[in-house]
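# Remarks on the overall topology
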Amino acid sequence: MSRGRLHVRVAAPAGGSPGAGGDDPGEPSVEFLVTCEHGGNRVPARYSALFRGRERLLATHRGYDPGALAMARTLAQALRATLVVSTVSRLLVELNRSPGRQFLFSPVMRNAAAAVRDEVCRRYYVPYRTEVEAIIARAVNAGRRVVHVSSHSFAPVLAGSMRSADVGLLYDPLRSGERELCHRWQAALRARAPQWSTRRNYPYLGRSDGFTTWLRQRFPERCYLGIELEINQKHVRDRRTVPIAARNAVAAALRDALGR
Ligand SMILES: [Zn+2]
């Protein structure tokens, strides 16, 4: 399998500098990275037998994050960010879990032979995570600070309970840069879309296991900010996208928060 089929980079910083960089020479310049770990529910043909009869499950939020891919593209465009996405179903391998953690593999894959799971890791999990880490490492080694937004969506009702927010911003409260950026993003979104409720560290905690949590262990606060954006799937149309006006509001609010 070629790496290009796994994930596509549709936007790269033009002209070397993606922007940022304060006028203050002491301030590191900023590079933006947008990722989408749950962008699709594709099952590659060589594993399709494992998913026979699971088509309905694949079509649910357990198969992918409806709307998250389009949101990621809009954000990447607005920020002129590097974009890395996966459209392989999370039921094949969960890219947003750390190695060795529970739920790396879904119940469907737990029934597969260990050799098949290892192969799936080699083909999909390792290349995706390695590429994202390498992008951040390159920027950091060049003296830049990376602001990473990982685009997700959440089911409006889970285990019988209704989730109240329209947007969730997940971060590590112990990292002041992430905390302050999310406060500003929340305030800006309230101003731009007052009908929407935005909550911080909801419906999940930013410090729970996830890709950004893993990356925080590798890159210190001064050079890496990792935020997970969660959009309520009740806003998703045709199981694919949140309307463009709403996506633009989320992206514009982030730009407001970043002062650009
Ligand atoms: Zn997700």
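Only a predicted model underlies this, so the values are computations on that prediction, with no experimental measurement involved.

### What to know about the overall build of the protein chain
Helix and strand counts for the protein chain stand at 8 helices and 8 strands. Across the 260 residues of the protein chain, 43% fall into the buried class. Nonlocal contacts in the protein chain, meaning residues at least 24 apart in sequence, comprise 79% of its contacts between residues at least 6 apart.

### Focus on the sheet that holds strand β3 (residues 145–154)
One open sheet holds the 6 strands; their spatial order is β2-β1-β3-β8-β6-β7, and the pairing between them is mixed. Looking at strand neighbours, the two that pair on one side only are β2 (82–85) and β7 (198–200), the edges of this open sheet. When the angles between neighbouring strand axes are averaged without regard to direction, this sheet yields 20°. Along the sheet, helix α6 (residues 176–192) makes contact with β6 (167–170), β7 and β8 (224–232), crossing β8 at roughly 35°.

### With respect to the packing of helix α3 (residues 68–79) against helix α8 (residues 244–258)
The contact between α3 and α8 brings their axes to 9 Å, and the two run at 40°. The angle between the axes of α3 and α8 places the two elements in the oblique class. The handedness of the crossing between α3 and α8 is right-handed. Across the interface between the two elements, A70, M71, T74, L75 and A78 of α3 pack against R247, N248, V250, A251, A252, L254 and R255 of α8. By residue class, the composition of the contact of α3 with α8 is 8 nonpolar, 2 polar and 2 charged.

### Brief notes about the confidence of the model for the protein chain
In this model, the protein chain carries a mean pLDDT of 89, and residues with pLDDT of at least 70 account for 90%. Taken together, the stretch residues 1–23 has pLDDT below 50 and engages in 44 contacts with residues farther than four places along the chain or on a different chain.

### Examining the nonpolar core
Of all hydrophobic cores here, the largest spans 61 residues; its most connected members are V34, M71, A72, L75, I227 and V250. With 9 residues, the top contributor of residues to this core is α3.

### Concerning the environment of S176
Assignment of secondary structure puts S176 in helix α6. C-beta crowding within 10 Å serves as the criterion here: with 11 such atoms nearby, S176 is assigned to the exposed category. For the pair S176 and L225, spaced 49 residues apart in sequence, the C-alpha to C-alpha distance is 9.5 Å.

### A closer look at unusual backbone geometry
With an omega dihedral of 5°, the bond running from Y202 to P203 counts as a cis peptide bond. A positive phi angle is found at N201, which is not glycine, with a value near 50°. Its place among the elements puts N201 in the loop between β7 and α7 (211–218). On the basis of neighbour count, N201 is assigned to the partly exposed category, with 19 C-beta atoms found within 10 Å.

### Concerning the pairing of β8
For β8, the buried fraction is high: 9 of the 9 residues fall into the buried class. With burial as the criterion, each face of β8 is covered, one bearing Y224, G226, E228, E230 and N232 and the other bearing L225, I227, L229 and I231. Relative to β8, β3 runs parallel, the two being bridged by 9 bridges. If you follow S150 over to β8, its bridge partner there is E228. Both β6 and β8 contribute to a ladder of 4 bridges, which runs antiparallel. Within the sheet, the bridge partner assigned to V167 lies in β8 and is I231.

Cut-offs applied
- Residues numbered from 1 in each chain as written.
- Predicted model: local features only at pLDDT ≥ 70, side-chain atom pairs only at ≥ 80, totals over all residues.
- Helix = DSSP H or I, 4+ residues; strand = E, 2+ residues; numbered from the N terminus.
- Buried ≥ 20, exposed ≤ 12 C-beta atoms within 10 Å, placed from the backbone.
- Contact = placed C-beta atoms within 7 Å.
- Pairing = 2+ DSSP bridges.
- Axes fitted to C-alpha atoms, helices over the stretch in contact; angles between N-to-C directions.
- Parallel < 35°, antiparallel > 145°, perpendicular 65-115°, else oblique.
- Left-handed = near helix turned anticlockwise from the far one by under 90°.
- Nonpolar A, V, L, I, M, F, W, Y, C, P; charged D, E, K, R; others polar.
- pLDDT = per-residue confidence, 0-100.
- Core = buried A, V, L, I, M, F, W, Y, C linked by C-beta atoms within 7 Å.

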